There are 2 protein chains.
Amino acid sequence: MGVAERKEREKQEMRETILAAATQMFLEEGYDKTSIRAIADKIEYSPGTIYLYFKDKDELFYAIHAQGFVIMLAKMEKLKKIADPLARLKELGRIYIQFALDNPEYYDLMFIMRGPMKALETLDGSGMECWSYGESTHEFLKLTVQECIDKNLVTITDVQVGAMTMWSLVHGMVSLHIRQRLSIMNEDEKTLKKLLFKGLDQMLNAISK
Amino acid sequence: MGVAERKEREKQEMRETILAAATQMFLEEGYDKTSIRAIADKIEYSPGTIYLYFKDKDELFYAIHAQGFVIMLAKMEKLKKIADPLARLKELGRIYIQFALDNPEYYDLMFIMRGPMKALETLDGSGMECWSYGESTHEFLKLTVQECIDKNLVTITDVQVGAMTMWSLVHGMVSLHIRQRLSIMNEDEKTLKKLLFKGLDQMLNAISK
DNA sequence: CAATTTACTGAACGGTGTTCATTATATTTG
DNA sequence: CAAATATAATGAACACCGTTCAGTAAATTG
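Just so it is clear, the structure is predicted and the values come from calculations on it, not from any experiment.

Check the secondary structure of chain A and you find eleven helices and zero strands. Scanning chain A from its N terminus toward the C terminus, one meets helices and strands in the order α-α-α-α-α-α-α-α-α-α-α. Burial analysis of chain A (209 residues in total) assigns 34% to the buried set. Partitioning the intrachain contacts of chain A with sequence separation of at least 6 by distance along the chain shows that 63% fall at a separation of at least 24.

Shown next, in the form of structure tokens:
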């Protein structure tokens, strides 16, 4: 009786069809401007159908959120081959910045947007699940910073503060950039992007022994 | 003929009545959740009336945006009395972080929100005006960093990169905090706030000669 | 083939920002 | 002072939004 299996497969396919359409539209137009109705139109179904596969718009958000982390983590795979922790830390920062520049809409969803993050506050439900990826990235960062401390490569003494500082610097730079606040510096796009990497270099020079 | 003057005054008063109601509601409920209709209700006028005093919701946003900078700049007044540029830089960072923690909704409006920032992209209209305050703050930061360089107090050599790095660090920390992303560090609110200041201290220690 | 389960629809609900013809008020003019 | 004009405010209407749900059509089962 392969009917149940086929149904399950079809259900999964439909979910992915919706998710693919939603992803494309989110990345092109942004979260707010992408309506359920427009997604339904795109895949030629009625709006109500989407609610048979996703509880609400937030759940679509979470699904795309998770996709973003999968892409990001894939880019970070190569880091495991770098033995020197300081070089690894630097490359981690570079990859982070590059990911944000290459995928600004994903980055926005993952690290800037507020809207559907309620689940993060209540600390239950799918809100935390979609951050398990983020947690592993943060763990990796802390591990690398700890290794730099252990090998006496940096002036940093507190791993927690050190990791937060590194993350905050790169997040600060790319989010100010993505949300147009760096336009105050009166530099063109290309120069700004270079400046972000220079900022990372400066930071690493400052903390290196 | 004092009629014209009175009318002008009344118009200004009405604008401020609307702005006060809007500000209160924005700060309490956030930008998105505050509807024009609700503002109109609060001041006991019809929704259409608001459009006689503000072009659209974005203009209301800009007005509050500017108010935020006025508050922030007031807090920064005391900085002018600090002669040592490095101490001034540190205090600038402290005030910035404290402002964000005390006025998270203002901070959100000023540095994180995307929505009505179109005007920043097109570089004309009221979009730039509401940033003139921000520009002066950024100028002050650059000046202070330059002074630190001139007096040989820091390892930084490029004032543009140095200023951006400082701003990005504090913005990164407070925006990750405001948007709940620091929750993955598993620390309570009070500890997190302390960590933000520790991050600033660490940064300044790192760049000090 | 009939009964039942499943998938989907699309109208409807209560909301949003915004516009505009209409109305009420206040001022100016004859 | 009354009529004409200018100003201010209205609130219904428009085109959207996320979401729900009674109803329908198709597929599966017995």
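Moving on, there is more to tell.
Moving on, we get to the relation of the copies chain B and chain A. Placing chain B over chain A gives an RMSD of 0.1 Å and needs a rotation angle of 180°, together with 0.0 Å of translation along the axis. Read as a symmetry element, the transformation amounts to a two-fold axis. Distance from the rotation axis, computed per C-alpha, reaches its smallest value in chain B at Gly172(B): 1.8 Å.

Lining the immediate environment of DNA strand D, one finds 20 residues, of which Ser35(A), Gly48(A), Asp56(A), Tyr45(B) and Gly48(B) sit closest. Listing elements by their share of the surface near DNA strand D, those giving two or more residues are helix H2 (36–42) and helix H3 (47–50) of chain A together with helix H1 (3–29) and helix H3 (47–50) of chain B. Classifying every residue of the surface near DNA strand D by side-chain character gives ten nonpolar, five polar and five charged.

Note on helix geometry: an α-helix contains 3.6 residues per turn, so any two residues three or four positions apart are oriented the same way. Here helix H4 (residues 57–75) of chain B is 19 residues long and its end C-alpha atoms lie 28 Å apart, about the 27 Å a rise of 1.5 Å per residue gives. By the burial criterion, the buried members of H4(B) are Leu60(B), Phe61(B), Tyr62(B), His65(B), Gly68(B) and Met72(B).

For the rest of this paragraph, the subject is the protein's contact with DNA strand C. Lining the immediate environment of DNA strand C, one finds 20 residues, of which Gly48(A), Ser35(B), Gly48(B), Asp56(B) and Lys57(B) sit closest. For the surface near DNA strand C, the secondary structure elements donating two or more residues are helix H1 (3–29) and H3 of chain A together with helix H2 (36–42) and H3 of chain B.

As a further point, take the domain arrangement of chain A. All names here are of chain A. Under the domain assignment, chain A is made up of domain 1 (1–54) and domain 2 (68–207). Taking only C-alpha atoms, the centre of domain 1 and the centre of domain 2 are 31 Å apart. Listed by partner, the interface residues are four residues for domain 1 and five residues for domain 2.

A separate point is the interface of chain B and chain A. If you look at the interface, chain B gives 36 residues, while chain A gives 35 residues. For the side of chain B that touches chain A, the secondary structure elements donating two or more residues are helix H6 (104–112), helix H7 (118–122), helix H9 (132–150), helix H10 (159–178) and helix H11 (189–207) of chain B. Per element, the largest residue contribution to the side of chain B that touches chain A is eleven residues, and it comes from H10(B). Tallied by class, the residues present in the side of chain B that touches chain A amount to 17 nonpolar, 13 polar and six charged.

Another aspect to go through is the packing of helix H5 (residues 85–102) of chain A against helix H10 (residues 159–178) of chain A. Residue and element names in this part refer to chain A. Where H5 contacts H10, the two axes come as close as 10 Å, and the packing angle between them is 20°. With respect to each other, H5 and H10 are oriented roughly parallel. Every pair of crossing elements has a handedness; the one defined by H5 and H10 is right-handed. Taken together, the residues of H10 that come into contact with H5 (itself represented by Gly 93, Tyr 96, Ile 97 and Ala 100) are Met 166, Val 170, Val 174 and Ile 178.

The nonpolar side chains of soluble globular proteins are, as a tendency, buried together. Counting residues in hydrophobic clusters, the biggest one holds 91 residues, and the most contacted among them are Val170(A) and Val170(B). When near neighbours in sequence (up to four residues on either side) are disregarded, Val170(B) contacts Gly93(B), Tyr96(B), Ile97(B) and Leu200(B).

On the secondary structure map, His138(B) appears in helix H9. On the neighbour-count criterion, His138(B) (18 C-beta atoms within 10 Å) is partly exposed.

Residue and element names in this part refer to chain B. Between H6 and H10, the least distance of the axes is 11 Å, while the angle of their chain directions is 120°. With respect to their mutual orientation, H6 and H10 come out oblique. Here H6 runs over H10; the crossing is left-handed. Together, Pro 104, Tyr 107, Asp 108, Phe 111 and Ile 112 of H6 and His 171, Val 174, Ser 175 and Ile 178 of H10 make up the contact between the two elements. Residues belonging to the contact of H6 with H10 are distributed by class as follows: six nonpolar, two polar and one charged.

A few words on helix H6 (residues 104–112) of chain A. With seven of nine residues buried, H6(A) is to be regarded as a mostly interior element. Every buried residue of H6(A) is accounted for by Tyr106(A), Tyr107(A), Asp108(A), Leu109(A), Met110(A), Phe111(A) and Ile112(A).

It is worth spelling out the confidence of the model for chain A at this point. The predicted model of chain A averages 91 in pLDDT, with 91% of residues at 70 or higher. Scored below 50 in pLDDT, residues 119–127 of chain A makes eleven contacts in the model with residues more than four places away or belonging to other chains.

Residues and elements named next belong to chain B. Inspection of the secondary structure assignment puts Val 174 in helix H10. Expressed as a C-alpha distance, the spacing of Val 174 and Ala 100, which sit 74 residues apart in the sequence, is 6.6 Å. Once residues within four sequence positions are removed from consideration, Val 174 is found in contact with Ile 97, Ala 100, Tyr 107 and Leu 196.

This next bit is on the environment of Asp102(B). Residue and element names in this part refer to chain B. Turning to its location among the elements, Asp 102 is positioned in helix H5 (residues 85–102). Assessed through the 11 C-beta atoms surrounding it within 10 Å, Asp 102 is described here as exposed. Along the sequence, Asp 102 and Ala 63 sit 39 residues apart, while their C-alpha atoms lie 20 Å from each other.

Definitions and cut-offs
Residues numbered from 1 in each chain as written. Chains lettered and ligands numbered in written order. Predicted model: local features only at pLDDT ≥ 70, side-chain atom pairs only at ≥ 80, totals over all residues. Helix = DSSP H or I, 4+ residues; strand = E, 2+ residues; numbered from the N terminus. Buried ≥ 20, exposed ≤ 12 C-beta atoms within 10 Å, placed from the backbone. Contact = placed C-beta atoms within 7 Å. Least-squares fit on C-alpha atoms with pLDDT ≥ 70 in both. Near = placed C-beta within 6 Å. Nonpolar A, V, L, I, M, F, W, Y, C, P; charged D, E, K, R; others polar. Expected span 1.5 Å × (residues − 1). Domains from an automatic or database assignment. Axes fitted to C-alpha atoms, helices over the stretch in contact; angles between N-to-C directions. Parallel < 35°, antiparallel > 145°, perpendicular 65-115°, else oblique. Left-handed = near helix turned anticlockwise from the far one by under 90°. Core = buried A, V, L, I, M, F, W, Y, C linked by C-beta atoms within 7 Å. pLDDT = per-residue confidence, 0-100.

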